[in-house]
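# Observations on the model geometry
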Amino acid sequence: MSKITVKEIRQQFLDFFASKGHQVVPSSSLVPHGDPTLLFTNAGMNQFKDVFLGFDKRPYTRATTAQKCVRAGGKHNDLENVGYTARHHTFFEMLGNFSFGDYFKRDAIKYAWELLTEVYKLPKDKLTVTVYAEDDEAYDIWAKEIGVPTERIIRIGDNKGARYASDNFWMMGDTGPCGPCTEIFYDHGEHIWGGPPGSPEEDGDRFIEIWNNVFMQFNRDEAGVMHPLPKPSVDTGMGLERISAVLQGVHANYEIDLFQTLIKAAARETKSSDLDNPSLKVLADHIRACSFLIADGVIPGNEGRGYVLRRIIRRAIRHGYKLGARAAFFHKMVKDLVAEMGEAYPELAEAQTRVTEVLKQEEERFFETIENGMAIVEAELTEMAKAGNKVFNGETAFKLHDTYGLS
């Protein structure tokens, strides 16, 4: 039996919620429209923020999306981890279903369980859920209506040092819509180290959060007082890469079919034979972020979004250089990405030529820079050897980083 593909998992999610009366809404741009607080779109709910706040009304009260997201730059900057861990990415897709004053906890929980256990056919005994410690309503739905054994329903309180500061209480900001959430975890099995959420070993890789259902129940005022919202809403998010890893029976996101295709493309363009090399994972991740950002109108530059894009491109090129590439190669992966994702995101396919050209120009410029920078490195190392010095000159190191983008 062939494995379910990422394309099928994405489509089944959208089809399921369409069958439950949800409007399938296209992903919004990675460049947030009219929201100066965000560098990049980083969650499915971003495009519905004004709907949740009551400033915008849509012709539907239920929606579902597969949303393009980027977390790089600003407070979500873990760029250097990408390629070396199982689940860090610059670009990812967030599957979500949303209720704007329509259904609430009962239906949200029932839909999530039905999709996971009946459509995706995950074993029920592999799923553990968390609820906010004071959310008896959600606890009772899980225990009495869904039938999850109480030993697999974990109450999480204010575990971050302040009132309502909890892994299971979501806030849009210091004030505004907020509420408890329930998270669904998949148990990868005893052979992987880690404990359930709320345990001292929760940071291990055994129990992985796959879906978060946020119940926007309150409006928090400047004094910190919680006022019940007249129309409670639902905002959920499930990382496509994570659920795909679970459904394809692999542990790391880079093992799913979409990433394996991109890793092979990176290996082809860098003439690499070791498909487990972390640098190939870096390239597979970064081609997604770079291509989608350019397709959405971001151009490499020296500030703001353009600077973040340039940093990601240059990190990709440096990893290609490590693998032996000495000329522009990264842009040649765009066609492989379009073949994988162009159907789900037509704007990527439409921009293929432009994306390829922008990447090629940036690459060619940076490869010249690398050659100049490497000449400086060689000269410095020669001088060090002559002088019997083992410490690299600090001023030269700063110049290499600041002027040549090398680190």
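Use the structure listed above.
Residues numbered from 1 in each chain as written. Predicted model: local features only at pLDDT ≥ 70, side-chain atom pairs only at ≥ 80, totals over all residues. Heavy atoms only, no water.

The next thing to look at is the layout of surface pockets. One number sums up the size of the second largest pocket: a volume of about 420 Å³. Around the second largest pocket sit 19 residues that line it, and Val-51, Phe-52, Gly-54, Lys-231 and Ser-233 are the ones nearest its centre. Among the elements of the structure, helix 2 (49–53), strand 7 (176–187), strand 8 (207–220) and strand 9 (226–239) are those that each provide at least two residues to the lining of the second largest pocket. For the lining of the second largest pocket, the element with the most residues is strand 9, which contributes 4 residues. Looking at the lining of the second largest pocket, its residues break down into 9 nonpolar, 6 polar and 4 charged. (1 Å grid on protein atoms, 1.4 Å probe; cavity = no way out; pocket = protein on both sides within 12 Å on 5 of 7 lines; lining within 4 Å. Points joined across faces, edges and corners; volume = space filled by probe spheres on them. Helix = DSSP H or I, 4+ residues; strand = E, 2+ residues; numbered from the N terminus. Nonpolar A, V, L, I, M, F, W, Y, C, P; charged D, E, K, R; others polar.)

The next subject is the environment of Glu-357. By secondary structure assignment, the location of Glu-357 is in helix 11 (residues 352–387). According to the relative accessible area criterion, Glu-357 is partly exposed, its value standing at 39%. Sequence spacing of Glu-357 and Lys-105 is 252 residues, and the spatial spacing of their C-alpha atoms is 48 Å. (Buried < 20%, exposed > 50% of the residue type's maximum accessible area, 1.4 Å probe, protein only.)

Time to look at the packing of helix 7 (residues 278–295) against helix 11. As a packed pair, helix 7 and helix 11 sit with axes 9 Å apart at the nearest point and diverge in direction by 115°. Classified by the interaxial angle, the pair formed by helix 7 and helix 11 is roughly perpendicular. Like other packed secondary-structure pairs, helix 7 and helix 11 cross with a definite hand, here right-handed. Of the residues in helix 11, those in contact with Ile-287, Cys-290, Ser-291, Ile-294 and Ala-295 of helix 7 are Arg-354, Val-355, Val-358 and Leu-359. In terms of residue class, the contact of helix 7 with helix 11 is built from 7 nonpolar, 1 polar and 1 charged. (Axes fitted to C-alpha atoms, helices over the stretch in contact; angles between N-to-C directions. Parallel < 35°, antiparallel > 145°, perpendicular 65-115°, else oblique. Left-handed = near helix turned anticlockwise from the far one by under 90°. Contact = heavy atoms within 4.5 Å.)

Moving on, we come to unusual backbone geometry. The phi angle at Tyr-164 is positive, at roughly 65°, despite the residue not being glycine. Looking at the secondary structure, you find Tyr-164 in the loop between strand 5 (153–156) and strand 6 (169–171). We note that Lys-271 has phi near 55°; this positive angle belongs to a residue other than glycine. One can find Lys-271 in the loop between helix 6 (257–270) and helix 7. Assessed through its relative accessible area of 76%, Lys-271 is described here as exposed.

The element strand 7 is largely enclosed, with a buried count of 12 among its 12 residues. Here 4 bridges tie strand 4 (residues 127–132) to strand 7, and the two strands are oriented antiparallel to one another. Bridge pairing in strand 7 links Thr-128 to Phe-185. In this structure, the hairpin formed by strand 6 and strand 7 is closed by a connection of 4 residues. (Pairing = 2+ DSSP bridges.)

The tally for this structure, following the rule as stated, stands at 21 aromatic pairs. Among the aromatic residues, those joined into a ring-pair cluster are Phe-13, Phe-16, Phe-17, Tyr-103, Tyr-111 and Trp-211. Looking at Arg-163, its charged tip hangs above the ring of Tyr-164, at a distance of 4.1 Å from the centre. (Phe/Tyr/Trp six-rings, centres within 6.5 Å; stacked < 30°, edge-to-face > 60°. Lys NZ or Arg CZ within 6 Å of the ring centre and 35° of its normal.)

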